[in-house]
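Letter by letter, the chains look like this.
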Amino acid sequence: GIGALGSIDLFWSLRNNQSLTELDLSLNNIHLPAYSRMKSVLFVNENLRVLNLTGNNIGNEGAILFAEALERNKWLRKLSLGSAQIGTLGAFALAKALKRAHFLE
């Protein structure tokens with residue numbers, strides 16, 4: 001997998017990418033430092049529609065960052081976070097954000 005450092009660089013480059021619509025980073029050993037960058041990507045990237053992060057170590061803190069991003073992002077249609085070691089706090093934050101995110105499938 002691309003790991004934590006590779007994913008930080010990748011997410012940074014996606015901030016201004018206007019052509020990528022789907023990104024599958026499942027099982028890539030991505031950890032928390034990268035998710036703050038991903039949050040900033042989701043704030044501004046209007047073209048990314050599908051994001052798969054299944055099997056990465058998202059945890060509660062990463063899930064909370066995604067929940068914050070989902071409150072501002074209106075373009076993402078599918079977000080996959082299966083087997084991502086998300087605990088109760090992270091699941092609660094995501095559930096709260098998803099209630100308002102009617103655009104997600």
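Below: a short report on this structure.

What counts as what
- Residues numbered from 1 in each chain as written.
- Predicted model: local features only at pLDDT ≥ 70, side-chain atom pairs only at ≥ 80, totals over all residues.
- Heavy atoms only, no water.
- Phe/Tyr/Trp six-rings, centres within 6.5 Å; stacked < 30°, edge-to-face > 60°.
- Lys NZ or Arg CZ within 6 Å of the ring centre and 35° of its normal.
- Helix = DSSP H or I, 4+ residues; strand = E, 2+ residues; numbered from the N terminus.
- Buried < 20%, exposed > 50% of the residue type's maximum accessible area, 1.4 Å probe, protein only.
- Contact = heavy atoms within 4.5 Å.
- Axes fitted to C-alpha atoms, helices over the stretch in contact; angles between N-to-C directions.
- Parallel < 35°, antiparallel > 145°, perpendicular 65-115°, else oblique.
- Nonpolar A, V, L, I, M, F, W, Y, C, P; charged D, E, K, R; others polar.

**Examining the packing of aromatic side chains**
Where two aromatic rings form a pair, the distance of their centres and the angle of their planes describe that pair.
Argument step 1. Within the structure shown, the criterion is met by 1 aromatic pair.
Argument step 2. Of note, Arg72 hangs over the ring of Phe43, and the distance from its end group to the ring centre comes to 3.9 Å.

**Some remarks on the environment of Phe11**
Argument step 1. Within the secondary structure, Phe11 sits in helix H1 (residues 3–14).
Argument step 2. With a relative accessible area of 0%, Phe11 lands in the buried category.
Argument step 3. Separated by 28 residues in the primary sequence, Phe11 and Lys39 have C-alpha atoms spaced 9.0 Å apart.
Argument step 4. Every residue in contact with Phe11, bar those within four places of it in the chain, is listed here: Leu23, Leu25, Ile30, Ala34, Arg37, Met38 and Val41.

**Some remarks on the packing of helix H2 (residues 32–44) against helix H3 (residues 59–72)**
Argument step 1. Where H2 meets H3, the axes come as close as 9 Å, and the angle between the chain directions of the two elements is 5 degrees. Classified by the angle between their axes, H2 and H3 sit roughly parallel to one another. Two secondary-structure elements touch here, H2 through Leu32, Tyr35, Ser36, Met38, Lys39, Leu42 and Phe43 and H3 through Glu61, Gly62, Leu65, Phe66, Glu68, Ala69 and Arg72.
Argument step 2. Counted by class, the contact of H2 with H3 contains 8 nonpolar, 2 polar and 4 charged residues.

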